[in-house]
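# Chain and residue survey
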Amino acid sequence: MSDETTRPKKRRVQDSSRLSLSRKAQQMTENWMSQIKQEFHGMVNIKRNDLLNFLLEELDEILAPSILDKIKKEKLTGKQKAKWIYQKFLEAEKNGSEINFDELVKTAQSGSRKVKKQRKTKSSRPQNSLNKALCDAPMESKK
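What counts and what doesn't
Residues numbered from 1 in each chain as written. Predicted model: local features only at pLDDT ≥ 70, side-chain atom pairs only at ≥ 80, totals over all residues. Heavy atoms only, no water. Patch = residues over 30% accessible without salt bridge, like charges linked within 9 Å, V, L, I, M, F, W, Y side chains within 5 Å. Areas by Shrake-Rupley, 256 points an atom, 1.4 Å probe, with all protein chains shown as cover. Salt bridge = Lys/Arg side-chain N within 4 Å of Asp/Glu carboxyl O. Helix = DSSP H or I, 4+ residues; strand = E, 2+ residues; numbered from the N terminus. Buried < 20%, exposed > 50% of the residue type's maximum accessible area, 1.4 Å probe, protein only. Arc of directions from axis to C-beta. Contact = heavy atoms within 4.5 Å. Polar contact = N/O pair within 3.5 Å; in protein donor to acceptor, adjacent residues only side chain to side chain. Axes fitted to C-alpha atoms, helices over the stretch in contact; angles between N-to-C directions. Parallel < 35°, antiparallel > 145°, perpendicular 65-115°, else oblique.

## Overview of a nonpolar patch on the surface
A cluster of nonpolar residues, Met 28, Trp 32, Phe 54 and Leu 55, forms a patch on the protein surface that exposes about 340 Å² of accessible area. Listed by contribution, the elements that provide at least two residues to the nonpolar patch are helix H1 (23–39) and helix H2 (48–58). Here Met 28 is to be found in helix H1.

## Considerations on unusual backbone geometry
Of note in the backbone geometry, His 41 takes a positive phi value of approximately 55° without being a glycine. Along the chain, His 41 turns up in the loop between H1 and H2.

## Some remarks on helix H5 (residues 101–110)
When we look at burial in H5, the residues that qualify are Leu 104, Thr 107 and Ala 108. Considered in projection along H5, the buried side chains sweep an arc of 100° and stay on one side of the axis. Of the residues in H5, the exposed ones pointing more than 90 degrees away from the buried face are Asp 102, Lys 106 and Gln 109. Buried positions along H5 lie against helix H4 (78–95). For H5, the side-chain oxygen to backbone nitrogen distance between the N-cap and Asp 102 is 2.8 Å, and the N-cap itself is Asn 100.

## A word on the packing of H1 against H2
Close contact between H1 and H2 brings their axes to 11 Å; oriented N to C, the two are set at 95°. Classified by the interaxial angle, the pair formed by H1 and H2 is roughly perpendicular. Residue-level inspection shows Gln 26, Thr 29, Trp 32, Met 33 and Ile 36 of H1 in contact with H2, the latter providing Arg 48, Leu 51, Leu 52 and Leu 55.

## Regarding the environment of Leu 52
One can find Leu 52 in helix H2. Counting along the chain gives 20 residues from Leu 52 to Trp 32, while the straight-line C-alpha distance between them is 9.9 Å. Apart from the residues lying within four places of it in its own chain, the contact partners of Leu 52 are Leu 21, Thr 29 and Trp 32.

## Observations concerning the environment of Ile 99
Looking at the element boundaries, Ile 99 is found in the loop between strand S1 (97–98) and H5. The buried category is assigned to Ile 99, whose relative accessible area is 4%. C-alpha of Ile 99 to C-alpha of Lys 88: the two residues are eleven residues apart in sequence and 8.1 Å apart in space.

## So, the pattern of salt bridges
Side chains bearing opposite charge may pair, as long as their charged atoms lie close to each other. Taken as a whole and judged by the stated rule, the model has one salt bridge. The closest approach of N and O atoms between Glu 91 and Lys 88, which form a salt bridge, is 3.8 Å. Here Glu 91 and its partner Lys 88 are both found in helix H4, three residues apart, which amounts to about one turn of the helix. Here Glu 91 falls in the partly exposed class, since its relative accessible area comes to 37%.

Structure below.
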């Protein structure tokens, strides 16, 4: 056996904030980098990460309403809205809170994040407005 001790390999510390770019975004960054190279006759050498960080840091910290509307149109589905409403009911039931179904639907349809604060119920058994509506609805008899 040798007297040498085995040193563990040092790993380079990497930030976990990596992201994947779409083909369109990759092409845009390549075009921007070519534009910078041409504009400054090759005197400015910038890495893609540096360019993207620079561009992002130049933007406002708050997204414009037009951008939020575009995200809503392209990414917010009816299934996501229904899941969100269901999750709010589960949270209300767990917390013993009362939640207004109509308000949740209105919020989901508008896409805003405003939800009225939930109230604690006085009863020992948590019931939300959907449960009440289902329990109070008249039963149809089968004839």
